[in-house]
Amino acid sequence: MIDFEKAVVKAEWLPHAFEPLAYPRFDYASKDHDVCFVGHVNSENRMNFLHEMFKTFPNFYFGQRQFEKAAQKFCKSKIVLNIAMKEDLNMRVFEALGCGSFLLTDWVPHIDEIFEDGKHLVLYRSLEEAVDKAKYYLAHDTDREKIAQAGYEEAIARHTIDHRADKILAAVNSVSKIPVAV
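Here the residue numbering is sequential within each chain, running from 1 through the sequence in written order. A pLDDT threshold of at least 70 governs which residues receive local features in this predicted model, and a stricter bar of 80 or more applies before side-chain atom pairs are shown or counted, although totals over entire chains, interfaces and linings include all residues. Hydrogen atoms and water are omitted, and side-chain values are computed over all heavy atoms in the structure.

*Asks:* What exactly am I supposed to notice about a nonpolar patch on the surface here?
*Replies:* A cluster of nonpolar residues, Val41, Met47, Phe54 and Phe62, forms a patch on the protein surface that exposes about 330 Å² of accessible area. Working definition: helices are DSSP H or I runs of at least four residues, strands are E runs of at least two. Numbering for both runs from the N terminus. For Val41, the location among the structural elements is in the loop between β1 (33-38) and α1 (44-56). Working definition: with a 1.4 Å probe on protein chains only, accessible area under 20% of the residue-type maximum means buried, over 50% means exposed, and in between means partly exposed. Look at Val41 and you get partly exposed, because its relative accessible area is 41%. Nonpolar side chains (Val, Leu, Ile, Met, Phe, Trp, Tyr) within 5 Å and like charges within 9 Å form the patches, drawn only from residues with over 30% relative accessible area and no salt bridge. Using a 1.4 Å probe, accessible areas were evaluated by the Shrake-Rupley method; residue-level cover was limited to the displayed protein chains. A side-chain nitrogen of Lys or Arg and a carboxyl oxygen of Asp or Glu constitute a salt bridge if their distance falls within 4 Å.

*Asks:* Is there a simple way to explain the environment of Gln66 in this structure?
*Replies:* For Gln66, the position within the fold is in the loop between β2 (60-63) and α2 (67-75). Along the sequence, Gln66 and Gly39 sit 27 residues apart, while their C-alpha atoms lie 9.0 Å from each other.

*Asks:* I keep staring at the sheet that holds β1 and nothing clicks. Help me out?
*Replies:* Working definition: the strands of a sheet are paired by backbone hydrogen bonds and lie parallel or antiparallel to each other. For two strands to pair, DSSP has to find at least two bridges joining them. The strand order across the open sheet built from five strands is β2-β1-β3-β4-β5, with neighbouring strands paired in parallel fashion. Edge strands, defined here as strands with exactly one partner in the open sheet, are β2 and β5 (122-124). Each adjacent strand pair in this sheet contributes to an overall mean axis angle of 25 degrees, direction not counted. As judged from the three bridges shared by strand β3 (residues 77-82) and strand β4 (residues 103-106), these two strands associate in the parallel manner. By the bridge assignment, Val80 is partnered in β4 with Leu103. Throughout, a contact is declared for two residues whenever any of their heavy atoms are within 4.5 Å. For helices, the fitted axis covers only the stretch in contact; all axes are lines through C-alpha atoms, and the angles between them, taken along N-to-C directions, range from 0 to 180 degrees. Along the sheet, α2 makes contact with β1, β2 and β3, crossing β1 at roughly 150 degrees. Contacting β1, β3, β4 and β5, helix α5 (residues 127-139) crosses the sheet at an angle of about 150 degrees to β5.

*Asks:* Teacher, can you tell me more about the nonpolar core here?
*Replies:* It is characteristic of soluble globular proteins that their nonpolar side chains tend to be buried jointly. Throughout this description, the term nonpolar core refers to a set of buried Ala, Val, Leu, Ile, Met, Phe, Trp, Tyr and Cys residues connected via side-chain atoms within 4.5 Å. Of all hydrophobic cores here, the largest spans 26 residues; its most connected members are Phe74, Val93, Phe115 and Leu121. Residue assignment for this core shows that the elements contributing at least two residues are β1, α2, α3 (91-98) and α4 (111-114). Residues in contact with Leu121, not counting those within four places in the same chain, are Val93, Leu97, Leu103, Thr105, Ile111, Phe115, Glu116 and Ile147. Core analysis: the second largest hydrophobic core is formed by 21 residues, Met53, Phe60, Phe102 and Ala148 among them.

*Asks:* Help me out: how do you make sense of the packing of aromatic side chains in this one?
*Replies:* Two aromatic rings, taken as a pair, are described by how far apart their centres are and by the angle between their planes. Centres within 6.5 Å are what make two rings of Phe, Tyr or Trp a pair, Trp counting through its six-membered ring; a difference in plane orientation under 30 degrees is then read as stacked, over 60 as edge-to-face, and the rest as tilted. With the rule as written, the count across this model stands at nine aromatic pairs. Ring geometry for Phe26 versus Tyr28: centroids 5.8 Å apart, planes at 10 degrees, classification stacked. In this structure an aromatic cluster arises from ring pairing among Phe37, Phe54, Phe60 and Phe62. Criterion for a charge above a ring: Arg CZ or Lys NZ at most 6 Å from the ring centre, at most 35 degrees from the ring normal. The ring of Tyr61 carries the charged tip of Lys73 above its face, separated from the ring centre by 4.4 Å.

*Asks:* Even after reading the chapter, I still don't get unusual backbone geometry, so can you show me in this structure?
*Replies:* Note on backbone geometry: most residues besides glycine have negative phi, and most peptide bonds are trans. A positive phi angle is found at Phe67, which is not glycine, with a value near 50 degrees. Structurally, Phe67 is set in helix α2. On the basis of relative accessible area, Phe67 is assigned to the partly exposed category, the value being 45%. Although it is not a glycine, His110 adopts a positive phi angle of roughly 80 degrees. Structurally, His110 is set in the loop between β4 and α4. Residue His110 is classed as partly exposed on the basis of its relative accessible area of 39%.

Scope: geometric values only; no functional claims are made or implied.
Below you can see the structure in the form of structure tokens.
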């Protein structure tokens, strides 16, 4: 096993990010769906969770889309639902926030280190809590849109691909004798 501190290796976690050109913000006058999930049903926890959400919220969009088409679905929905497969801070978090959508996502390790619950997004820890919070935010448009806007501003300010690339280049520059353009 390598002792990174003794080897003077600095390791740093870089969470996912999003590309604003691939996931643009669309400002639609109206929303077609109460809740949406864009992704794959490739785990039992997602299958069970989505089954219950479909029953509870009949105006639910589910499908697979990428990039701009996913952003359009997110922006045409009041709530974007995220369900992590294995307690992972996945791309959907950054993509949904980056296009200005309200995100209801499960709590996963480290998410509260970079986003604030109730300010940038809304976290749940159980199916029952997700249902209750979805009902609340569907009935409170102003609260929902305020959180969506704050999430968008946070994502644009700190979580784009350019931000991650700048961090990598800064780390290279801190140990390299040859400067790399940032």
